[in-house]
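Overview (structure and organization)
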Amino acid sequence: MKLRSDSGSGLGVIAAVTALMQLPAVLCGFELCDSGFYMTFYDNIFTHPEATGYNFMYYLSGLAGGAVAAMTGGSILALRLAGALCNVLCTCLVWNLIRVPRRFIAVLITSLLVTAGAWGSPLTFYNDLLTILLALMSLTLLAKALSHDSREERSTRRRTAALLLLSGAAAGINTLTRIPNVLEIFFVILIPLPARRDTARSSLAWLGGWMAGLSAGLLAAAACGHLPLLADTIRDLLDTAATPGAESTHGLSSLVDAQISSWVSIGKTALKLILLYAAWLLTLRATAKSATRLAAAIRLTAGAALTAAAIWVLLRADIMTALTATAVTGAALALRCRDLRIPAAAMLLMTFILPLGSDNGIYNAGTPILWGTLAVAVTFYRQTAKGATLLCAVALLATCAASLAAGGTYFDDTPMSRMTGRIDSPTAAGIRTSPARAARINALTDSLRRHTSPGDTLLVYGSAPMLNHLTATVPAIGCSWPELLSAAQLERRLDTRSAPQYIMVLRFKTLGATLGTPSQDFALGHDTPQGRFHTPAKSAVMARYIEKKHYRAVSENADYTLYIRTRPAPAPAR
């Protein structure tokens, strides 16, 4: 079958590759923190929305995920498939964004690199995947609108106006997927790029769509009775932003530090790639006027040496840094190409705006945030240095393949061949992890099921909100992951909200590729490999609260203590 750049069969092959590349990560690996944070949101958004009020900063993803969870009985596998579908849809959008001849190889390379890197990110449907999908949709529609000549006939102008409205609406409603997405309003600055005569009118049309999209999201929240919770969440975000970075994962200073450190690391790698590309251009210029064998040999030798150097630079960095540096460098260089200028500018804007507000910068969303930028970059590299592009792509893919074969998925480093254990829960059906990890998690849920019932309130301290999901218990204090709060915020919520019926305190690390060794030091926050998440101050707040509210231990082993609230004994009569 011959694949042409404009053929549906080419897109079908790439979409199938994107789906198949994600399948192992859909079926394998199990972690207790991030996916649990999302699943408890979906479990409770329609039944106990106040129990996960903290998640309302990701409101739209909660509505979408909650609908899938309601239709599938809270299946984690179904939500992972929904996450994988987001990436497949991103592939389709990228295919329509890169409208140049022979785009098949460029988009295929992009798909392979993004999906291979995505194994290191959560694949359960969540706010970042929906954010990327809607942002990419908005910019693809905007790029298509800007490709139309404003002097064309009336029917074309109507189509352009419709595209502008839809583009703005996608960006507007995306504000409720993740509150910092409000910055997508700056997508409008792309409109003057083609030097159109109707820039002002087009900008107003786009902004009208943005307002309509945001309004539609707010109307949905009002219809569900969620507006007060949404307003409370925005107030909490402002309070969190003022929190010192050492105490909270989302304090303003820690967010700024995350942006600076991530882009400095990426910038160093990008600078090396730019210098290598400049050396190649100088080589071409120096030998351009010579058709001798010596000049050809110089070009060949320089090309081989510079390609080897580029591969060395990329392989020394982690996959996210390498791909981001490659994508940003290529997209920036593509700005001088007429057929790539608008897609390149749009994708660079998306790459710089979307990470704002994330506690780990651009690394938070993983490689899916690079869908558009990397596609533009690979297209440019294919046009200017085809052989070097393929060699670098093969080297990166080989590195990814070796890493995936040796390790596992997000926060579960079990090799795929050893993932034979099952989690004892109908909502985790179809998912495998190591037998040891499965046994450890099953021991926790078994204890909880012996003492709690579905619908009971349970506070899990130890970065493991998945335990709420697996036992159908309701998170306490409006946040299923208390470690995301500062010590002051945690204490305030404990003092002002209804006391949970049960508290489980874990004694081992859950963040990271391996589950930690249990210790009392960890429970007290003295052994703190989880940084700002698990601190002595937060552990002290929990210990004081457990004592003040007269909780007593009902189950305990090396990994945890489960407490139940009891009423204090009455004072003796005088």
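Note: the structure precedes this text.
Sequence order as written defines residue numbering, which begins from 1 separately in each chain. Only residues with pLDDT of at least 70 get local features here, since the model is predicted, and only at 80 or more are side-chain atom pairs given and counted; chain-wide, interface and lining totals rely on the full set of residues. Here the side-chain values reflect all heavy atoms present in the structure, with hydrogen atoms and water set aside.

This next bit is on the overall build of the protein. Along the backbone of the protein there are 20 helices and seven strands. When burial is assessed residue by residue, the protein has 57% of its 574 residues classed as buried. Counting only contacts in the protein whose residues sit at least 6 apart along the sequence, the fraction spanning at least 24 positions is 71%. Accessible areas in this description were obtained via Shrake-Rupley with a 1.4 Å probe; residue shielding takes into account the shown protein chains only. For the protein, the computed accessible surface area is about 24000 Å², with 64% contributed by carbon and sulfur atoms. What counts as a helix is a DSSP run of H or I of at least four residues, what counts as a strand is a run of E of at least two, and both are numbered from the N terminus. Here's how the labels work: a residue is buried when its accessible area is under 20% of the maximum for its type, exposed when over 50%, partly exposed in between, all with a 1.4 Å probe on protein chains only. Any two residues having at least one pair of non-hydrogen atoms within 4.5 Å are treated as being in contact.

Moving on to the pattern of salt bridges. In the sections that follow, a salt bridge refers to a side-chain nitrogen of Lys or Arg positioned within 4 Å of a carboxyl oxygen of Asp or Glu. This structure, assessed with the given rule, holds nine salt bridges. A salt bridge links Arg493 to Asp236; its shortest N-O distance comes to 3.1 Å. With Arg493 in helix H18 (residues 487-496) and Asp236 in helix H9 (residues 227-241), the pair connects residues that are 257 residues apart, well separated along the chain. Given the relative accessible area of 8%, Arg493 is considered buried.

Axis lines are fitted through C-alpha atoms, for helices just across the contact stretch, and the angle between N-to-C directions can take any value from 0 to 180 degrees. Running from N to C, helix H13 (residues 341-353) and helix H14 (residues 371-384) cross one another at 140°; their axes reach a closest spacing of 8 Å. Between H13 and H14, the crossing angle belongs to the class labelled oblique. The chirality of how H13 crosses H14 is left-handed. Listed contacts from H14 to Pro343, Ala344, Met347, Leu348 and Thr351 of H13 are Gly372, Thr373 and Val376. Looking at side-chain class alone, the contact of H13 with H14 contains five nonpolar, three polar and no charged residues. For classification, angles of less than 35 degrees are called roughly parallel, those exceeding 145 degrees roughly antiparallel, those between 65 and 115 degrees roughly perpendicular, and all remaining angles oblique. Each crossing gets its handedness from the near helix: less than a right angle anticlockwise from the far helix is left-handed, clockwise is right-handed. Think of it as three bins: nonpolar holds Ala, Val, Leu, Ile, Met, Phe, Trp, Tyr, Cys and Pro, charged holds Asp, Glu, Lys and Arg, and polar takes everything else, Gly as well.

Geometry of aromatic contacts follows a simple scheme: Phe, Tyr and Trp rings, the Trp one being its six-membered ring, pair when their centres are within 6.5 Å, and the pair is stacked under 30 degrees between planes, edge-to-face over 60, tilted otherwise. Under the counting rule described, the total for this entry stands at 13 aromatic pairs. Considering the side-chain rings of Tyr410 and Phe411, the 4.2 Å spacing of their centres and the 10° angle between planes classify their relative orientation as stacked.

Moving on to the pairing of strand E7 (residues 560-565). Think of it this way: DSSP has to see at least two bridges between two strands before they count as a pair. As paired strands, strand E5 (residues 502-506) and E7 are joined by five bridges and run antiparallel to one another. By the bridge assignment for E7, Leu506 is matched with Tyr560. Inspection of the sheet shows strand E6 (residues 551-557) paired to E7 by six bridges, in the antiparallel sense. Bridge pairing in E7 places Ala553 opposite Tyr563. Between the end of E6 and the start of E7, which pair antiparallel, lie two residues.

If you check helix H16 (residues 435-451), its first and last C-alpha atoms are 25 Å apart, about what 17 residues at 1.5 Å a residue would give, namely 24 Å. By the burial criterion, the buried members of H16 are Arg437, Ala438, Arg440, Ile441, Asn442, Leu444, Thr445, Ser447 and Leu448. Helix span is expected to be 1.5 Å times the residue number reduced by one.

What follows deals with helix H8 (residues 199-223). Helix length check: H8 (25 residues) gives 36 Å between terminal C-alpha atoms against 36 Å at 1.5 Å per residue, within 8%. A positive backbone phi angle near 75° is found at Gly225, which sits one or two residues after H8.

Here we take up unusual backbone geometry. At Ile477, a position not held by glycine, the phi torsion is positive, near 50°. If you trace the backbone, Ile477 turns up in the loop between strand E4 (474-475) and H18.

Moving on: the sheet that holds E4. Spatially, the five strands line up as an open sheet ordered E4-E3-E5-E7-E6, and their pairing is mixed. At either end of the open sheet lies a strand with only one pairing partner, and these are E4 and E6. As paired strands, strand E3 (residues 457-461) and E5 are joined by four bridges and run parallel to one another. By the bridge assignment for E5, Leu458 is matched with Tyr502.

Our focus in this paragraph is the side chain of Thr40. Mapped onto the elements, Thr40 comes out in helix H2 (residues 34-44). Polar contacts here mean pairs of N or O atoms no more than 3.5 Å apart (in protein, one a potential hydrogen donor and the other a potential acceptor; neighbouring residues in sequence count only if both atoms are side-chain atoms). Among the polar contacts made by the side chain of Thr40, one reaches the side chain of Ser480 at a distance of 3.0 Å. Residues contacting Thr40, with those up to four places away along its chain left out, are Thr52, Pro465, Asn468, His469, Pro475 and Ser480.

What follows is about the environment of Ala145. Position of Ala145 among the secondary structure elements: in helix H6 (residues 127-146). The class for Ala145 is buried, based on a relative accessible area of 0%. Between the C-alpha atom of Ala145 and that of Ser167, which follows or precedes it by 22 residues, the distance is 8.9 Å.

A grouping of Leu20, Leu23 and Leu27 is seen on the molecular surface, where their side chains present a nonpolar patch of about 270 Å² in accessible area. Here Leu23 lies in helix H1 (residues 8-27). Classification of Leu23 as partly exposed rests on a relative accessible area of 40%. Nonpolar side chains (Val, Leu, Ile, Met, Phe, Trp, Tyr) are joined into patches within 5 Å and like charges within 9 Å, using only residues with over 30% relative accessible area and no salt bridge.

Note on terminology: disulfide describes a covalent bond linking the sulfur atoms of two cysteines. Only a pair of cysteine sulfur atoms within 2.5 Å qualifies as a disulfide here. For the structure shown, the criterion picks out zero disulfides. Counting only cysteine sulfurs, Cys90 is the nearest neighbor of Cys92, a cysteine outside any disulfide, at a range of 9.1 Å.

With that settled, the discussion passes to the packing of helix H4 (residues 76-97) against H6. In contact at an axis separation of 10 Å, H4 and H6 are set at 15° when each is read in the N-to-C sense. In this view, H4 runs roughly parallel relative to H6, as classed from their interaxial angle. The handedness of the crossing between H4 and H6 comes out as left-handed. Seen from H4, the contacting residues are Gly83, Cys86, Asn87, Leu89, Cys90, Leu93, Val94, Asn96 and Leu97; seen from H6, they are Leu129, Ile132, Leu133, Leu136, Met137, Leu139, Thr140 and Ala143.

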